[in-house]
Amino acid sequence: MTVGHSGSGNGIFRRKPIDQIEPAAESEGLQRTLGLRQLTAIGVGGIIGAGIFSLAGAVANETAGPAVLISFLIAGIASAAAAFSYAEFAGLIPRAGSAYTYGYAVLGELTGWFIGWDLLLEYTAIVAVVAIGISGYFNDLLGFLNISLPEWMLGAPGTESDGVAAGTYKVNLFAVLLCLLIAFILNQGMKNAARFETLLVYLKVGIVLLVIVVGAFHINTDNYDPFAPFGWAGAFTGAATVFFAVFGYDAMSTAAEESKDSQKHMPKAIMYSLAISMVLYVLACLVLTGMVNFKDIDSEAAFSSAFAGIGMKWLGAIIAAGAILGILTVLFTFMMGAARVGYSMSRDGLLPKWFAKTHPVKRVPSRITWVLGVASALIAGFLPIAEAAELTNIGILLAFVVVCIAVIVLRYKRPDLPRGFKTPGMPVVPIIGVIFSIWLITFLQPETWLRFAAWFGIGLVVYFAYSRRNSVLGKENASRGRE
């Protein structure tokens, strides 16, 4: 059978018929309120965050030197290879779920389940990790204002604090509240939530541009020599690290059903958001490594310390505020992505239908959003950032692999499908995305693989005990006598 015929495939290999995939009516499901500007802002909000405010400095100081610029360019090119594949699918399938839906339609139900189940954990963990990171910037900002909070609320159990006696109960309260706040905002309706996100993105980009413009007047070109003190191998290693700062469009693409013209606007938003973010990353790297010798860059607060070193501490406070705003948009994008993946899986019968219930007025998947908000709050409040971070990364890279493979398969099996955007350089570009993603996976720690295997094992139990029997597509096939 060819991909696209009704309910093609049997059992775990059954595939959604692409040419019959249509989102639910607005009266029953999500509401189309997002235009190109809002979609692009959500994408930029998901991409630009810790990459500029902390990761660039750490990689420059420890791994690449001024060649951190090359690290970002390599990571950007690799990310673009996957972005092209996402853009083609986004223009083809106007349905929530992103990589989950694409994998389900082309490679089969078990593959779709596997990606969706994994992204639920990955996106939720990213929200938690980012919330923990913002809490650190919040503490820095309070320090600029000479305000101090009780130490018991400033970190998870097991984190070090000079002001807390051994055995004292601790929680990262600010991170917990942030996760719950984002869940609350997302439940106010996508139109209102997108306005909030867009405003924060404008403020964030404005602060980044301020840092770039002011910093440009303090560049000393001698700091660019040597350009690659750790060798070109250091620049490539740095690319593996900063790659995790150049995706976010994947989570944005889960909002396809909330776009006014998904097939036209979603591919553009993916490419625009990545292009805007890469320009800002490159300029920020040039300014940072030009202002300060790479050996003297503060790995934790690169720009704040750089401007403090030239007598501009006031700008350090603005940068701290900008970091909070900037990373807050990452929380928004990934929690939205997790909720839309969970909503789509639930609507397909692979998770309980209870999760797919939308708010009767706001038209958002409020139940799954609150579940994920509480889950991310618990992770952020009670796990140190290093342990929480180990839950991230592998699932997104595997999703990239699946999407890049799927776009090749579908192009050759169904060349007749109407595509609003076509991945250039087929099949070379998607293959580059596959190779680079697999290469990055090899950098992950053994503990990451163990956690991934445990989550995958739980997922298999859930799939065969519940999802396979309750699959909407499976029931449709059974009613036609095909299974």
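Attention in this report is confined to the structure presented alongside it. (Residues numbered from 1 in each chain as written. Predicted model: local features only at pLDDT ≥ 70, side-chain atom pairs only at ≥ 80, totals over all residues. Heavy atoms only, no water.)

What follows deals with the pattern of salt bridges. Inspection of the entire model under this criterion finds 7 salt bridges. Via salt bridges that share partners, Glu 88, Arg 411 and Arg 419 belong to a single interconnected network. (Salt bridge = Lys/Arg side-chain N within 4 Å of Asp/Glu carboxyl O.)

In a regular helix each residue adds 1.5 Å, so 25 residues correspond to 36 Å; helix α3 (residues 68–92) covers 36 Å between its end C-alpha atoms and thus fits that length. With respect to burial, α3 is a largely interior element, 21 of its 25 residues being buried. (Helix = DSSP H or I, 4+ residues; strand = E, 2+ residues; numbered from the N terminus. Expected span 1.5 Å × (residues − 1). Buried < 20%, exposed > 50% of the residue type's maximum accessible area, 1.4 Å probe, protein only.)

Before going further, it helps to spend a moment on the packing of aromatic side chains. Counted according to the given criterion, the structure contains 23 aromatic pairs. Ring centres 5.8 Å apart and planes at 75 degrees place the aromatic pair Tyr 86 and Tyr 249 in the edge-to-face group. Taken as a pair, Tyr 86 in helix α3 and Tyr 249 in helix α9 (residues 249–252) lie far apart in primary sequence, 163 residues in all. Just as Tyr 86 is buried, Tyr 249 falls in that class too. Both rings, one in Phe 227 and one in Trp 232, keep their centres 6.4 Å apart while their planes meet at 55 degrees; by these two values the pair is tilted. By relative accessible area, Phe 227 is classed as partly exposed at 30%. A network of ring pairs unites the aromatic residues Tyr 86, Phe 89, Tyr 102, Tyr 123, Phe 247, Tyr 249, Phe 334 and Phe 400 as a single cluster. (Phe/Tyr/Trp six-rings, centres within 6.5 Å; stacked < 30°, edge-to-face > 60°.)

Turning our eyes to something else, we now look at the packing of helix α6 (residues 173–186) against helix α12 (residues 313–347). Between α6 and α12, whose axes approach to 10 Å, the crossing angle comes to 60 degrees. Comparing the axis directions of α6 and α12 gives the class oblique. As for the relative orientation of α6 and α12, their crossing is right-handed in sense. Where α6 approaches α12, its residues Leu 178, Cys 179, Ile 182, Ala 183, Ile 185 and Leu 186 are matched on the opposing element by Leu 328, Leu 331, Phe 332, Met 335 and Met 336. (Axes fitted to C-alpha atoms, helices over the stretch in contact; angles between N-to-C directions. Parallel < 35°, antiparallel > 145°, perpendicular 65-115°, else oblique. Left-handed = near helix turned anticlockwise from the far one by under 90°. Contact = heavy atoms within 4.5 Å.)

Where like charges cluster on the molecular surface, the positive patch consists of Arg 37, Lys 191, Arg 195 and Lys 260. Position of Lys 191 relative to the elements: it lies in helix α7 (residues 190–216). Using a relative accessible area of 48% as the deciding quantity, one classes Lys 191 as partly exposed. (Patch = residues over 30% accessible without salt bridge, like charges linked within 9 Å, V, L, I, M, F, W, Y side chains within 5 Å. Areas by Shrake-Rupley, 256 points an atom, 1.4 Å probe, with all protein chains shown as cover. Lys, Arg positive; Asp, Glu negative; His and termini not counted. Charge placed at Lys NZ, Arg CZ, Asp CG, Glu CD.)

Our next topic: the environment of Trp 117. By the element assignment, Trp 117 lies in helix α5 (residues 109–144). Overall, the relative accessible area of 10% leaves Trp 117 in the buried class. On a C-alpha basis, the gap between Trp 117 and Leu 460 in space is 9.5 Å, while along the polypeptide they are 343 residues apart. Sequence-distant contacts of Trp 117, that is, excluding residues within four places in its chain, are made with Met 345, Trp 455, Ile 458, Gly 459 and Val 462. At 2.8 Å, the side chain of Trp 117 forms a polar contact with the backbone oxygen of Trp 455. (Polar contact = N/O pair within 3.5 Å; in protein donor to acceptor, adjacent residues only side chain to side chain.)

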